[in-house]
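Letter by letter, the chains look like this.
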Amino acid sequence: MMAMEHESKLKERTASTSSSAPQTPYDMRDANVPIIWVLGGPGCGKGTQCAKIVAKYNFSHFSTGDLLRDEVASGSDKGKELQEMMKQGILVPNDAVLKLLEAAMVKALSGTVGYLIDGYPREPAQGPEFEKFIAPVDIILYFECSNETLVARIMKRASESATVRADDNEETLKTRIATFRENTEKILVQYPSQLRRVNAERAPEDIFADVEKAIDELLAKKGKKA
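Residues numbered from 1 in each chain as written. Predicted model: local features only at pLDDT ≥ 70, side-chain atom pairs only at ≥ 80, totals over all residues. Heavy atoms only, no water.

Okay, the packing of aromatic side chains next. Scanning the model with the defined rule gives 6 aromatic pairs in all. Taken together, a centroid distance of 5.2 Å and an interplanar angle of 85° make the contact between Trp37 and Tyr191 edge-to-face. Here the residue Trp37 occupies a position in strand S1 (residues 35-40), and Tyr191 occupies one in the loop between helix H8 (170-188) and strand S5 (195-199), the gap between them amounting to 154 residues. Accessibility expressed as a relative area gives 0% for Trp37, which makes it buried. Aromatic pair Tyr57 and Phe59: ring centres 6.2 Å apart, planes at 75°, arrangement edge-to-face. Of the two residues examined, Tyr57 and Phe59, each falls in the buried class. Through a chain of ring-to-ring contacts, the aromatic side chains of Trp37, Tyr120, Phe130 and Tyr191 assemble into a single cluster. (Phe/Tyr/Trp six-rings, centres within 6.5 Å; stacked < 30°, edge-to-face > 60°. Helix = DSSP H or I, 4+ residues; strand = E, 2+ residues; numbered from the N terminus. Buried < 20%, exposed > 50% of the residue type's maximum accessible area, 1.4 Å probe, protein only.)

The next point concerns unusual backbone geometry. Most peptide bonds are trans, and most residues other than glycine sit at a negative phi. With an omega of 5°, the peptide bond running from Tyr120 to Pro121 counts as cis. If you trace the backbone, Pro121 turns up in the loop between strand S3 (114-118) and helix H6 (126-133). The phi dihedral of Asn32 falls on the positive side, at around 55°, and the residue is not glycine. Within the secondary structure layout, Asn32 lies in the loop between helix H1 (2-16) and S1. At Asn58, a residue that is not glycine, the phi angle is positive and equals roughly 60°. Relative to the assigned elements, Asn58 resides in the loop between helix H2 (46-57) and strand S2 (59-63).

Note on pairing: side chains with opposite charge can pair once their charged atoms come close. What the rule picks out here adds up to 12 salt bridges. The residue Lys46 makes a salt bridge to Asp118 at a minimum N-O spacing of 2.6 Å. Here Lys46 is found in helix H2, whereas its partner Asp118 is found in strand S3, with 72 residues between them in sequence. Note on Lys46: relative accessible area 18%, which makes it buried. (Salt bridge = Lys/Arg side-chain N within 4 Å of Asp/Glu carboxyl O.)

From the geometry alone we can't say anything about function, so treat these as descriptive.
Printed below as a string of structure tokens:
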């Protein structure tokens, strides 16, 4: 009976979405697995915090950029198609990104406590699309830093790195940060109840204490053990 009900749900969902929408082999809404979006400007330290979350809570950490690069590296037909788009400077369509993200989430489902979606959404329209085609977000961890702190951290990292990125210069950084802030504030205003602002100007351990509080509350709400 449960299998028949689940199949009916999937048929209804497929019928209600356009043919170009990502098709879900498993409805993530039924999984009751916490979903966290992780946002913050370049240099905010979210990579460090994501590593701490994975180590303590056994969450699966996904970056859409990494998923795209992995697909290209796989040599698949889809990877070749994506590589050609990137070579031409064409933005990869969001439905293609969501298909990759969804497939990775389903693959990790049996062995994960929750999902960290790193650096997504990047634009205001992407959040609703994620929630429509995959599942609602539970909380958004937004690591806040001043522009001055972000620039100082990136420039310090660049000076200590053996390879220097072309965009690791002060003027380019200021432009990247301005674009990030403009898009992010438009995203965050859509999710007032899910938003958790974290002061990322502090030491990593102090930041993580706030992160732990937010995640512990979420897990308790979902009926899961920390």
